[in-house]
Amino acid sequence: MQSRRSVLALAATSTAVLAAPAVHAQSLLPVRFSLDWAFQGPQAAFLLALERGYFRREGLAVTMDRGFGSGDVPVKIAGGSYDVGVADLNPTIRMKLERPEIDLFSPFLIYDATALAVMTVRREGITRPAQLQDRTLAAPESDSGRQLFPAFAKAAGIDAARIRWQTVTPQLRETMLAQGRVNAITGFITSGILSLRGLGVPANDIITMKYSDFGADFYATSLITTRRFAEANPAAVTALIRGLIRAQYDSLADPAGAIAVLRMREPLTDVALERERLEMSLNELTFTQHVRANGFGRVDTVRLQRGIDMVRDAFGIARPLSWGEVYDPRYLPPATDMKLA
């Protein structure tokens, strides 16, 4: 594990760059950036890169909007509404499997561990995947946990056809479970667990079945863009990655500072709750033991290919898809920019 002193040192260095001469506004490249979800704790680390000028000082005029689920982000990038975004990689994999012509890929995998899970509450009597059969689960259609549920079901040995789905808005998902109107939900642990607690559900009453615990060990939140944009703007893609990495380290060093930035976008932020959500994403999903030891960008392509094949198999798609069609590391910055000193 890296020392707190070294983390704080990098954060101080990162903040100091704001004193650098500003790039002339007329030379800035506009970049439309979509987050994966609403302005919550995990999104603070991305907003921090924008607020601290990490993109602007490299000639990028980035606008960053909230997202509506990892299944929605690649659709909007492919359709031209956004140039880049962050989202769980697996809905993009499914899109490329079903529509080979889709011009989408990831130049940078951010979360080393998947946040996908099924969540329920103790009163439902569900403690293992088999007990989800013939029950009702709630999620938005664009939720990556819902889209990837067939892969989880296959890995866990249950029949996905025996699941009843109720489509809800993102704002109602946890509420439906807390009120007893559905039996379980799918989503990210950083959203579901803490949102349920925010609704008054005691922590020891929340039952969580992580996809990774049942064999669906996917790579997760990634930077998504198109080949067209990346090939036209390779330096911009590398600059985006460099800024995102720096902000992840900054957030690890000073989560309170990241949440302060979040409050600038969302004044009604529950500071304690969103800080806990941010720290969960940093410590459980981003800075895994592997990333702490090796830095970002050290992707296990065997694991990535296994995840792609799992998605392909779960949806009964015959066409193979190689990892190189999904992930391209050529846009990564130098190794010195990806690992904490």
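The preceding data block contains the structure.
All residue numbers here refer to positions counted from 1 along the written sequence of the relevant chain. With the structure being a predicted model, the display of local features is reserved for residues of pLDDT at least 70 and the display and counting of side-chain atom pairs for 80 or more, all residues being used for whole-chain, interface and lining totals. As a rule here, side-chain values cover all heavy atoms of the structure and leave hydrogens and water aside.

The next subject is the pairing of strand β6 (residues 136-139). Here the term buried applies to any residue with accessible area under 20% of the maximum for its type, exposed to any over 50%, and partly exposed to those in between, with areas from a 1.4 Å probe on protein chains only. Secondary structure elements are taken from DSSP: a helix is a run of H or I of four residues or more, a strand is a run of E of two residues or more, and numbering for both begins at the N terminus. Alternating residues of β6 divide into Thr-136 and Ala-138 and Leu-137 and Ala-139, and every residue in both groups is buried. Only strands joined by at least two bridges in the DSSP assignment are considered to pair. Inspection of the sheet shows β6 paired to strand β7 (residues 164-167) by four bridges, in the parallel sense. Within the sheet, the bridge partner assigned to Ala-139 lies in β7 and is Thr-167. Here β6 runs beside strand β8 (residues 184-188); their pairing, made up of two bridges, is parallel. Along β8, the bridge assignment pairs Ala-138 with Ile-185.

Take the environment of Pro-320 next. Looking at the element boundaries, Pro-320 is found in the segment after α14 (301-314). Sequence separation between Pro-320 and Val-299 is 21 residues, and the spatial gap between their C-alpha atoms is 20 Å.

Turning our eyes to something else, we now look at α14. In this model α14 runs 20 Å from its N-terminal to its C-terminal C-alpha over 14 residues, within 8% of the 20 Å that 1.5 Å per residue would give. Of all the positions in α14, only Arg-303, Leu-304, Gln-305, Gly-307, Ile-308, Met-310 and Val-311 are classed as buried. Throughout, a contact is declared for two residues whenever any of their heavy atoms are within 4.5 Å. Contact partners of the buried residues in α14: α4 (89-98) and α6 (149-156). The definition of a polar contact used here is a pair of N or O atoms within 3.5 Å, where within protein one atom must be able to donate a hydrogen and the other to accept one, and adjacent residues in sequence count solely through side-chain atom pairs. Two or three places before Val-302, at the start of α14, stands the capping residue Asp-300, its side-chain oxygen 3.0 Å from that residue's backbone nitrogen. One or two residues past the end of α14 sits Gly-316, with phi positive at roughly 65°. To estimate how far a helix should extend, the number of its residues minus one is multiplied by 1.5 Å.

Time to look at helix α10 (residues 234-253). Helix length check: α10, at 20 residues, gives a terminal C-alpha distance of 29 Å against a target of 28 Å (1.5 Å per residue), a fit within 8%. Within α10, 18 of the 20 residues are buried, which leaves the element mostly enclosed by the surrounding structure.

Here we come to the side chain of Arg-242. Here Arg-242 lies in helix α10. One polar contact links Arg-242 to Glu-58, side chain to side chain, over a distance of 2.7 Å.

In the sections that follow, a salt bridge refers to a side-chain nitrogen of Lys or Arg positioned within 4 Å of a carboxyl oxygen of Asp or Glu. Per the stated rule, a full pass over the model turns up 24 salt bridges. Close ionic contact of Arg-99 with Glu-101 constitutes a salt bridge, the shortest N to O distance being 3.5 Å. A relative accessible area of 42% places Arg-99 in the partly exposed class. Judged by its relative accessible area of 56%, Glu-101 falls in the exposed class. Across the salt bridge formed by Glu-174 and Arg-173, the nearest N and O atoms sit 3.2 Å from each other. Classification of Glu-174 as buried rests on a relative accessible area of 6%.

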